2 protein chains.
Amino acid sequence: MEAEQRHLQQTFNEEIPLTKAIGIQVVEYTGSSLTLSAPLANNTNHKRTAFGGSLYSVAILAGWGLIYLRLRALGLAGNIVIQESHVRYIHPVSDDIAVTCHIESEAYFQKFINFFNRRDIARISLVSLIEQNSTIALEFEGNYVVNA
Amino acid sequence: MEAEQRHLQQTFNEEIPLTKAIGIQVVEYTGSSLTLSAPLANNTNHKRTAFGGSLYSVAILAGWGLIYLRLRALGLAGNIVIQESHVRYIHPVSDDIAVTCHIESEAYFQKFINFFNRRDIARISLVSLIEQNSTIALEFEGNYVVNA
């Protein structure tokens, strides 16, 4: 999976320049989950915790990147865009940011792929979580649309 | 209001360094609304439209800045944080980003201030909109909490 991680890192850096300012790093792709990180230093706010917009940006890209790598593994290319999101900020993040998005149900993902193959457009909802000291600091739910 | 705009610009630049990378500019504060902008060039994505995380960051700060300036006008200081948000991406943004947050009801705002004065903590929900060619491209609703 390391070549896939490197490819995604390069995609972020080349296609979305703000990811460099945020300092987004592709940490781990397991096939069913993707973890991204960003240093707190690049993303502080007035309270010296992580800026809500930075947390959101890393969370939205964890979902985007997971869909991107899974489609790529199937030889599929699609244009992935966010349609709607809902975020709960549960605790401030006072350390480096780490976000994980994982596919909770492979059956649900397969349904999304089947729909995409039939219609050339499909929607998928994914949850990205930021944990800190083993408790959830942020919960992001994103609805993504993929067009062929 | 221009001194207030300059003060907010300085606050963003000094307290939230990512605002410089995004290129956030305080465009207009009327007392009941705040408009922020950011150049598309700093915030492109893989489709050469605006990155969803950038749009979100400008939207969240329009609400934050409006609360901040209104509290300041009343001689109040509070720690303003986002608690929850809901975003709908209606159209891609293919031009420079402009976000406006406005207080829809002064009565609602006054209730928030009264609550804050009594309890030292209060919640307020604000909507930020991004328009493009006179249609709404993004609708952001944020629930903010202010602590004395």
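Draft legend 1. Representation of the overall build of chain A in the model. Within chain A one finds four helices and six strands. Its helices and strands taken in sequence order, chain A reads α-α-β-β-α-β-β-α-β-β from the N to the C terminus. Relative to the globule expectation of 15 Å for 148 residues, the C-alpha radius of gyration of chain A, 15 Å, shows essentially globular dimensions. Along the first, second and third principal axes, the C-alpha set of chain A runs to 50 × 30 × 25 Å. Considering only contacts within chain A whose residues lie at least 6 apart along the sequence, 69% involve residues at least 24 apart.

Draft legend 2. Inspection of the relation of the copies chain A and chain B at higher detail. Superposing chain A onto chain B requires a rotation of 180° together with a translation of 0.0 Å along the rotation axis, leaving an RMSD of 0.0 Å. Expressed as an axis order, the relation between the two copies is that of a two-fold axis. The rotation axis passes nearest to the C-alpha of His86(A) in chain A, at a distance of 2.2 Å.

Draft legend 3. Fine view of the nonpolar core. Counting residues in hydrophobic clusters, the biggest one holds 86 residues, and the most contacted among them are Val58(A), Ala59(A), Val58(B) and Ala59(B). Apart from the residues within four sequence positions on either side, Ala59(B) is in contact with Val99(B), Ser128(B), Ile130(B), Leu138(B) and Phe140(B).

Draft legend 4. Structural view of the packing of helix α1 (residues 2–15) of chain A against helix α3 (residues 52–73) of chain A. Residue and element names in this part refer to chain A. α3 packs onto α1 with a crossing angle of 125° between their chain directions and a minimal axis gap of 11 Å. Put simply, α1 runs oblique to α3. Note on packing geometry: the crossing formed by α1 with α3 is right-handed. Together, Glu4, Leu8 and Phe12 of α1 and Leu61, Gly65, Tyr68 and Leu69 of α3 make up the contact between the two elements.

Draft legend 5. Just the interface of chain A and chain B, in detail. Taken together, the contact pairs 29 residues of chain A with 29 residues of chain B. When residues of the side of chain A that touches chain B are traced back to their parent elements, those giving at least two are α2 (18–22), α3 and β3 (79–89) of chain A. The biggest single contributor to the side of chain A that touches chain B is β3(A), with nine residues. Pairing of β3(A) with strand β3 (residues 79–89) of chain B involves five bridges; the strand directions are antiparallel. Within β3(B), the position partnered with Val87(A) by the bridge is Ser85(B).

Draft legend 6. Representation of α3(A). Residues and elements named next belong to chain A. In a regular helix each residue adds 1.5 Å, so 22 residues correspond to 32 Å; α3 covers 32 Å between its end C-alpha atoms and thus fits that length. Most of α3 is tucked away, with 18 of its 22 residues classed as buried. Immediately downstream of α3, the backbone of Gly75 shows phi near 75°, a positive value.

Draft legend 7. Highlighting unusual backbone geometry. The backbone phi angle of Arg48(A) is positive, close to 60°, even though this residue is not glycine. You can see Arg48(A) is positioned in the loop between β2 (33–38) and α3. Owing to 10 C-beta atoms within 10 Å, Arg48(A) belongs among the exposed residues under this scheme. The backbone of Asp120(B) shows a phi angle near 65°, a positive value even though the residue is not glycine.

So, how was this worked out
- Residues numbered from 1 in each chain as written.
- Chains lettered and ligands numbered in written order.
- Predicted model: local features only at pLDDT ≥ 70, side-chain atom pairs only at ≥ 80, totals over all residues.
- Helix = DSSP H or I, 4+ residues; strand = E, 2+ residues; numbered from the N terminus.
- Rg over C-alpha atoms; globule rule 2.2 N^0.38 Å.
- Contact = placed C-beta atoms within 7 Å.
- Least-squares fit on C-alpha atoms with pLDDT ≥ 70 in both.
- Core = buried A, V, L, I, M, F, W, Y, C linked by C-beta atoms within 7 Å.
- Buried ≥ 20, exposed ≤ 12 C-beta atoms within 10 Å, placed from the backbone.
- Axes fitted to C-alpha atoms, helices over the stretch in contact; angles between N-to-C directions.
- Parallel < 35°, antiparallel > 145°, perpendicular 65-115°, else oblique.
- Left-handed = near helix turned anticlockwise from the far one by under 90°.
- Pairing = 2+ DSSP bridges.
- Expected span 1.5 Å × (residues − 1).

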